[in-house]
Amino acid sequence: MPHRRIRRMATRLLFRSLALGGTAGLSMGCAPSADAVDGRDVVFDSQGYFVATVDTRRDDIELFWRNPDTGQPFASLEALKTWTAGKGRMLAFATNAGIYDRDFRPLGLYVENGKAVVPLNRVHGNPRSGNFSLLPNGVFAVYDDGTAEVRTTDAFAASGRKPRWATQSGPMLVIDGEVNTQFDNGSDSMKWRSGVCARTAHEVVFVVSRAPVNFHAFARLFRDQLGCRDALFLDGTISQAWTPTNGYAGAPAFMTKPYAGMVAVFPKPR
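First, a word on scope: everything that follows refers to the structure included in this document. (Residues numbered from 1 in each chain as written. Predicted model: local features only at pLDDT ≥ 70, side-chain atom pairs only at ≥ 80, totals over all residues. Heavy atoms only, no water.)

Attention now moves to the state of the cysteines. For the coordinates displayed, the defined rule picks out one disulfide. Shown here is the disulfide that connects C197 with C228, its sulfur atoms set 2.1 Å apart. Remark: C228 occurs in the loop between α4 (215–225) and β14 (231–236) and C197 occurs in strand β12 (residues 193–198); sequence separation between them is 31 residues. Neither C197 nor C228 differs from the other in exposure class; each is buried. (Disulfide = S-S within 2.5 Å. Helix = DSSP H or I, 4+ residues; strand = E, 2+ residues; numbered from the N terminus. Buried < 20%, exposed > 50% of the residue type's maximum accessible area, 1.4 Å probe, protein only.)

Turning next to the sheet that holds strand β9 (residues 165–169). Spatially, the five strands line up as an open sheet ordered β6-β5-β9-β7-β8, and their pairing is antiparallel. Looking along the sheet, the strands with just one partner apiece sit at the ends: β6 (115–118) and β8 (148–152). Here the strands of the sheet are splayed against their neighbours by 20 degrees on average, with no regard to which way each runs. As paired strands, strand β5 (residues 110–112) and β6 are joined by three bridges and run antiparallel to one another. Residue pairing for β6: E112 is matched across the bridge by K115. (Pairing = 2+ DSSP bridges. Axes fitted to C-alpha atoms, helices over the stretch in contact; angles between N-to-C directions.)

Now for the pairing of β8. Burial runs high along β8: four of the five residues are buried. Across five bridges, the pairing between strand β7 (residues 138–142) and β8 is antiparallel. In the strand pairing of β8, V139 is matched with R151.

Okay, the environment of G261 next. Topologically, G261 is positioned in the loop between β16 (247–250) and β17 (262–267). Linking G261 and A166, residues 95 residues apart in sequence, is a C-alpha distance of 9.9 Å. Excluding its chain neighbours within four sequence positions, the residues that come into contact with G261 are F64, W65, N96, A97, P106 and Y110. (Contact = heavy atoms within 4.5 Å.)

This next bit is on unusual backbone geometry. Cis geometry is found at the peptide bond from L135 to P136, where omega equals -10 degrees. Of note, P136 is situated in the loop between β6 and β7. Following G170, the chain continues to P171 via a peptide bond in cis, the omega torsion being 10 degrees. Position of P171 among the secondary structure elements: in the loop between β9 and β10 (172–175).

Here we come to the sheet that holds β14. Pairing is antiparallel in the open sheet, where seven strands are placed in the order β1-β2-β13-β12-β14-β10-β11. Edge strands, defined here as strands with exactly one partner in the open sheet, are β1 (38–44) and β11 (178–179).

This paragraph deals with the nonpolar core. I61, F140, V196, V204, F206 and V265 are the most contacted members of the largest nonpolar core, which has 43 residues in total. Per element, the largest residue contribution to this core is five residues, and it comes from β17. Core analysis: the next-biggest nonpolar cluster, separate from the first, contains 25 residues, L134, V213, L221 and A231 among them. (Core = buried A, V, L, I, M, F, W, Y, C linked by side-chain atoms within 4.5 Å.)

Moving on, we get to the packing of aromatic side chains. Across all of its chains, the model carries 12 aromatic pairs by this definition. Each ring, one from F215 and one from F233, has its centre 4.8 Å from the other, and the planes form 80 degrees; the classification is edge-to-face. Taken together, the residues F215 in helix α4 and F233 in strand β14 connect sequence positions 18 residues apart. Of the two residues, F215 and F233, both sit in the buried class. Ring-pair connections join several aromatic residues into one group, and the members of that group are F64, F74, W83 and F266. A cation over an aromatic ring shows up here: R161 above the ring of Y143, its NZ or CZ 3.5 Å from the ring centre. (Phe/Tyr/Trp six-rings, centres within 6.5 Å; stacked < 30°, edge-to-face > 60°. Lys NZ or Arg CZ within 6 Å of the ring centre and 35° of its normal.)

Below is the structure:
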């Protein structure tokens, strides 16, 4: 009898261990990882870039400008990181989301969670007054079905689609597979730069340069290295991107200024 009791106890312990192990394994498999975004360094034409690829079937892309709790702009990626952490949301990627005006408002269309906070801007000024007026400018948009796209402002307006999240910036870097004809390959306008493309309907690519580059080189990176048919410039000089694994990339900290809109990526629950 003692031997039978020992065998029964051992069997119960074995099944309990397997059950706990199975449960633990299931929990680990379902927990989202903050490292879901594919972040990597790329060298193109002897220039370094940080490239982050987001799969919208696996990750959610959202935009933030003002803190919903205070009504004040977040202004920095650090403030956004702190707030999202306090809400229990694991931030997988963040970057500034486009050009803004002197009042720290997005200069063009800005849509948060389906609400157009700033309307589409089709008033074109002097290109010498800012990159937004270097035509064509464009829109990066994410829709309710999880698809994303980059289109020129005119093409976006003509489509009539209503995005869930969107930011307008400019200029377009690549249009229908061609580098923006406004760009000069030999330009000496060298700045840290950031941009975005939707390589497919579900694959979004964000880029910040590791050093100052001109528009032509930046556009060719998107077209020739990353395979993007349409790409949009987000901002220059002050641009940074962040991931949990890679930390900050882009402009040095002393170059940055308060941001308006910011892109945030969160892993979907699995």
